[in-house]
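Examining the three-dimensional arrangement
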Amino acid sequence: MTLLSDQPRLSDPPRLAPAELEAYWMPFTANRQFKSKPRMMATAEGMYYTTDDGRRILDGFAGLWCCNAGHGRKPIVEAIQRQAATMDYAPAFQMGHALAFELANRIVELAPKPLDHVFFCNSGSEAVDTALKIALAWQRARGEGARTRLIGRERGYHGVGFGGIAVGGIPSNRKMFGALMAGVDHLPHTLNIKECAFTRGQPEWGAHLADELERLVQLHDASTIAAVIVEPMAGSTGILVPPKGYLQRLREITRKHGILLIFDEVITAFGRVGANFAADLFGVVPDMITFAKGVTSGAVPMGGVIVSNTIYQQFMSGPPGAIELFHGYTYSAHPLACAAGVATLKLYKDEDLFARAARMAPRFEEALHSLKGARHVIDVRNIGLVGGIELAGRDGAPGARGFETYLKCFERGVLIRNTADILALAPALIVEEAQIDEIVSTIRDVLKDLA
Ligand SMILES: Cc1ncc(COP(=O)(O)O)c(C=O)c1O
């Protein structure tokens, strides 16, 4: 594996005094807890971080679901360095640069047919808002302008833009922010521990929950509904693997009623589930796919939406000199992100990392499910190289056990993530068997002593 060891690097990252931690308002973070006992990362290479006090941390979460090729991969870093020295920025509107087109072509090569056009942005949240806007605009462009309603799902996470939190289904991400968007409804989520605890891969139970979409169509009428958006595998709310047949049913119902189906693959795209996209693994092709994270292996922010030719062509009908879609970002297809993206997709291919993830998945599943019977564990769920371990909540303190487990794993040199009392794992696709075992045994040891 090519790593960065022979590159010049910052030698001594600065150690900050407590007062210097105050100015930065950290996102999705318990700021006061963090600032009282900071967890500061300093360097990263392969499967490991090093903290500012020199501790090695095994990364069980690919950073934040994103560094799928592992950290500090030489071809990616060098591509970014070369591009920064060649052309730092090119205007995104009415101008182009070759790497943007190359990256779009490479993404289309990987995408399920007939998805063949790519719109670039800078994050998963922007990708979601872009997809929702394209859905509304497409319905209007084809003469269905009354289709303004958007359907999301309970426990869905679609980032933090107003569109994303409106279709998303996480109360804490919604309740502080007013009326959100009008005209949004939600499907029920698919998690049922009573029926499905310790299922390996896709649960047998739950396909019927897709029929709730028929109920919403009855309620609102299909002529008012533009799109349904779901994560094919819901990651951020605790690894909700789709029941067998569920996504197929959603596809049938949306197609029957002229409703667009959007898969939010910000987490699942680019090998995370052992396939190019979750759409490939589950055998269901949506009308649009959102992506981010893994496209650059986390090295430079980037996101995007892949759409079908039918959607793209609908917009190409006005005068040829006219702008077809009034949407875009200053940093859409940023040269550094495109350089990172092209190098990342090449690296995935050269090292056959998606197939590697698929080969490693049964081993990962086996290790994860060995936690059945461990203290506090009430469910284990997995697909590809994604795992969820649900703990019983502590009486009167929901989420405390999960957060304490996360902190104690970090103290013992392993980075995982917790969503309330659910622990989540998503190691880079280069993870070795021994590293999987180390992550799982660390969790087991921590739980043994946890109140
Ligand atoms: C499914 C999904 N959509 C959207 C997002 C938001 O991505 P970002 O944080 O890059 O805006 C995430 C982030 O984890 C995600 O998991």
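Structure: see above.
Remember, it's a predicted structure, so these values are computed and weren't measured experimentally.

With that out of the way, let us pick up the packing of helix 3 (residues 74-86) against helix 13 (residues 335-350). Any two packed helices are characterised by the angle at which their axes cross and by the distance between the axes. For the pair helix 3 and helix 13, interaxial distance at closest approach is 8 Å and the crossing angle is 155°. Relative to helix 13, the element helix 3 lies roughly antiparallel. The way helix 3 lies across helix 13 gives a crossing that is right-handed. Taken together, the residues of helix 13 that come into contact with helix 3 (itself represented by Pro 75, Ile 76, Ala 79, Ile 80, Gln 83 and Ala 84) are Pro 335, Leu 336, Ala 339, Ala 340, Ala 343, Thr 344 and Leu 347. Residue composition of the contact of helix 3 with helix 13, by class: eleven nonpolar, two polar and no charged.

Once that is clear, we can look at the pattern of salt bridges. Pairs can form between side chains of opposite charge whenever their charged atoms are close. For the coordinates displayed, the defined rule picks out 20 salt bridges. Measuring nitrogen to oxygen at the nearest pair gives 2.6 Å for the salt bridge that ties Glu 214 to Lys 256. Remark: Lys 256 occurs in helix 10 (residues 246-256) and Glu 214 occurs in helix 9 (residues 212-220); sequence separation between them is 42 residues. Here Arg 381 makes a salt bridge to Glu 390, at a shortest N to O gap of 2.9 Å. Each member of the pair, Arg 381 as well as Glu 390, carries the same accessibility label: buried. Shared partners join several salt bridges into a network, and the residues in it are Arg 200, Glu 365 and Glu 366.

The strand order across the open sheet built from four strands is 1-2-3-13, with neighbouring strands paired in mixed fashion. Unpaired on one side and paired on the other, strand 1 (41-45) and strand 13 (414-415) mark the two borders of the sheet. In terms of strand pairing, strand 1 meets strand 2 (residues 48-51) through four bridges, oriented antiparallel. Across the sheet, residue Met 41 finds its bridge partner in strand 2, namely Thr 51.

What counts, and at which threshold
- Residues numbered from 1 in each chain as written.
- Predicted model: local features only at pLDDT ≥ 70, side-chain atom pairs only at ≥ 80, totals over all residues.
- Heavy atoms only, no water.
- Axes fitted to C-alpha atoms, helices over the stretch in contact; angles between N-to-C directions.
- Helix = DSSP H or I, 4+ residues; strand = E, 2+ residues; numbered from the N terminus.
- Parallel < 35°, antiparallel > 145°, perpendicular 65-115°, else oblique.
- Left-handed = near helix turned anticlockwise from the far one by under 90°.
- Contact = heavy atoms within 4.5 Å.
- Nonpolar A, V, L, I, M, F, W, Y, C, P; charged D, E, K, R; others polar.
- Salt bridge = Lys/Arg side-chain N within 4 Å of Asp/Glu carboxyl O.
- Buried < 20%, exposed > 50% of the residue type's maximum accessible area, 1.4 Å probe, protein only.
- Pairing = 2+ DSSP bridges.

On their own, these measurements won't tell you what the molecule is for.
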